[in-house]
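Here is how the chains run, residue by residue.
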Amino acid sequence: HASVAAVRGKKRYIYEFGVKVRWEVTGDGMVDDVRGTMTFPDVDGTVELGDEYDLSEFTVEGGNVGNALRMELNKHVRDGGLREAIHEAIDDWVRLFKASY
C-alpha cells in the first residue's frame, strides 16, 4: 500500500509493506551451497532514510552449516553486506516514491 495525502498543505507519504528476500550463497567446493530467507515485515514511513528496517526472520537451509559458516553468514548476510544492500534498495524506492509525487 502506498499513497500520498495533503495535510494542512504539507504532503504526507504513506506506505506500508513487508519484504521477504530469498538468498543463496554458492559454495566453492570446500563449502556446500546454502540458501535462506530474510523477512522485513514493517517497511513504512516510520523508518527514517538511512535507519535499519527490522528483521523478523533469518533462515538458513541446505549444506552443512557449522558454527564457522553460521558466523560468516551472520556477519555478511544477516548483519552486514546483503542486509545493508537491501536497506539501501528500500531507501532508493522511498526516494523514488517521494520524487514521483
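Above this text you will find the structure in question.
Residues numbered from 1 in each chain as written. Predicted model: local features only at pLDDT ≥ 70, side-chain atom pairs only at ≥ 80, totals over all residues. Heavy atoms only, no water.

Trainee: Help me understand the overall build of the chain, please; the structure alone is not making it clear to me.
Mentor: Looking only at helices and strands, one finds two helices and four strands in the chain. Traced from its N-terminal end to its C-terminal end, the chain shows the element sequence β-β-β-β-α-α. Relative to its length of 101 residues, the chain is extended, with a C-alpha radius of gyration of 17 Å against a globular reference of 13 Å. For the chain, the spread of C-alpha atoms along the three principal axes comes to 60 × 20 × 15 Å. Counting only contacts in the chain whose residues sit at least 6 apart along the sequence, the fraction spanning at least 24 positions is 50%. Total accessible area on the chain is roughly 6800 Å²; 49% of this is exposed by carbon and sulfur atoms. Each charge class in the chain can be summarised by its mean position, and for the 13 positive and 19 negative side chains these summaries are 8 Å apart. (Helix = DSSP H or I, 4+ residues; strand = E, 2+ residues; numbered from the N terminus. Rg over C-alpha atoms; globule rule 2.2 N^0.38 Å. Contact = heavy atoms within 4.5 Å. Areas by Shrake-Rupley, 256 points an atom, 1.4 Å probe, with all protein chains shown as cover. Lys, Arg positive; Asp, Glu negative; His and termini not counted. Charge placed at Lys NZ, Arg CZ, Asp CG, Glu CD.)

Trainee: Could you clarify how one ought to interpret the sheet that holds strand β4 (residues 57–61) in this entry?
Mentor: Adjacent strands of a sheet form backbone hydrogen bonds with each other and so pair up, either parallel or antiparallel. Reading across from one edge, β1-β2-β3-β4 is the order of the four strands in this open sheet, with antiparallel pairing throughout. Across the chains shown, the open sheet's two edge strands, defined by having one partner strand only, are β1 (2–7) and β4. If you compare each strand with its neighbour and ignore which way they point, the axes differ by 15 degrees on average. Direction of pairing for β1 relative to strand β2 (residues 10–25): antiparallel, over a ladder of six bridges. By the bridge assignment for β2, Ala 2 is matched with Tyr 15. Along the sheet, helix α1 (residues 67–78) contacts β2, β3 (34–44) and β4; its crossing angle with β4, the most-contacted strand, is approximately 135 degrees. Against the sheet, helix α2 (residues 81–100) contacts β1, β2 and β3, and its axis sits at roughly 150 degrees relative to β2. (Pairing = 2+ DSSP bridges. Axes fitted to C-alpha atoms, helices over the stretch in contact; angles between N-to-C directions.)

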